[in-house]
Amino acid sequence: MSKEIEQIIKNQIGNWVVNHTQVCFISDDTLEIATSEKDSLGETIYCFIQKSNDVYRIGDDSRTLFKIDPSASDEELYAMTEEVAKSAGFDFDYNTGEIWKEVSRDNVIATIMKLTQLVVAVSYLG
């Protein structure tokens, strides 16, 4: 393939993501991202970005496990989620069920993409 076709494909991928992603300002320092991905329940995956100084906290706001286990009673699910999240380079709050990671500005988009993939995987654990 030529470089021209490669560039066309990259542009179209970028445009598709932009057209299928929604950003909502929650507050001066927090954004909600409705991604183009769906979880095992067919629901949109959301990521939350909170900025503090030069650090961006990217997380799922505990939504992933809440949808799967609203009573937060499945200890095995929480243990598996913690293992999967940590092996993917994320932190996990066992008390709240939140999956999150703090990153620099340069890593925000890559972290959102990785969190989205992680949430898809975790959604199939339930």
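What you are looking at is a predicted structure, and each value in this text was computed from that prediction instead of being measured.

Enquirer: Can you break down the overall build of the protein residue by residue, with the values?
Expert: When its secondary structure is counted, the protein shows four helices and six strands. Listed by position from the N terminus, the elements making up the protein come as α-β-β-β-β-α-α-β-β-α. Expressed along its principal axes, the backbone C-alpha trace of the protein runs to roughly 55 × 35 × 25 Å. Relative to its 126 residues, the protein shows a buried fraction of 30%. As displayed, the protein offers around 8,200 Å² of accessible surface, 50% of which is attributable to carbon and sulfur atoms. Within the protein, the 22 negative side-chain charges are centred at a point lying 8 Å from the centre of the 11 positive side-chain charges.

Enquirer: Give a description of the side chain of threonine 35 that names residues and reports values.
Expert: Along the chain, threonine 35 turns up in strand E2 (residues 30-38). Among the polar contacts made by the side chain of threonine 35, one reaches the main-chain amide nitrogen of glutamate 37 at a distance of 3.3 Å. Among residues more than four places away in sequence, those in contact with threonine 35 are His20, Thr44, Ile45, Cys47 and Thr116.

Enquirer: Which residues make up the sheet that holds strand E4 (residues 55-59), and what are the values?
Expert: If you trace the six strands from one edge of the open sheet to the other, you get E1-E2-E3-E4-E6-E5, paired in antiparallel fashion. In this open sheet, the two strands that pair with only one neighbour each are strand E1 (22-27) and strand E5 (91-93). Going across the sheet, the axis of each strand differs from the next one's by a mean of 30 degrees, ignoring polarity. Pairing of E4 with strand E6 (residues 98-103) involves four bridges; the strand directions are antiparallel. Counterpart to arginine 57 in the pairing with E6 is glutamate 102. With respect to the sheet, helix H4 (residues 108-123) is in contact with E2, strand E3 (44-52), E4 and E6, its orientation differing from that of E3 by roughly 140 degrees.

Enquirer: Could you give me a rundown of the nonpolar core, with the residues and numbers involved?
Expert: Ile49, Ile58, Ile99, Val108, Ile112, Leu115 and Leu118 are the most contacted members of the largest nonpolar core, which has 20 residues in total. When residues of this core are traced back to their parent elements, those giving at least two are E3, E4, helix H3 (75-87), E6 and H4. The greatest single-element share of this core, amounting to six residues, is contributed by H4. Sequence-distant contacts of isoleucine 58, defined by excluding residues within four places in its chain, comprise Phe48, Ile49, Ile99, Trp100, Lys101, Val103, Val108, Thr111, Ile112 and Leu115.

Analysis parameters
- Residues numbered from 1 in each chain as written.
- Predicted model: local features only at pLDDT ≥ 70, side-chain atom pairs only at ≥ 80, totals over all residues.
- Heavy atoms only, no water.
- Helix = DSSP H or I, 4+ residues; strand = E, 2+ residues; numbered from the N terminus.
- Buried < 20%, exposed > 50% of the residue type's maximum accessible area, 1.4 Å probe, protein only.
- Areas by Shrake-Rupley, 256 points an atom, 1.4 Å probe, with all protein chains shown as cover.
- Lys, Arg positive; Asp, Glu negative; His and termini not counted.
- Charge placed at Lys NZ, Arg CZ, Asp CG, Glu CD.
- Polar contact = N/O pair within 3.5 Å; in protein donor to acceptor, adjacent residues only side chain to side chain.
- Contact = heavy atoms within 4.5 Å.
- Pairing = 2+ DSSP bridges.
- Axes fitted to C-alpha atoms, helices over the stretch in contact; angles between N-to-C directions.
- Core = buried A, V, L, I, M, F, W, Y, C linked by side-chain atoms within 4.5 Å.

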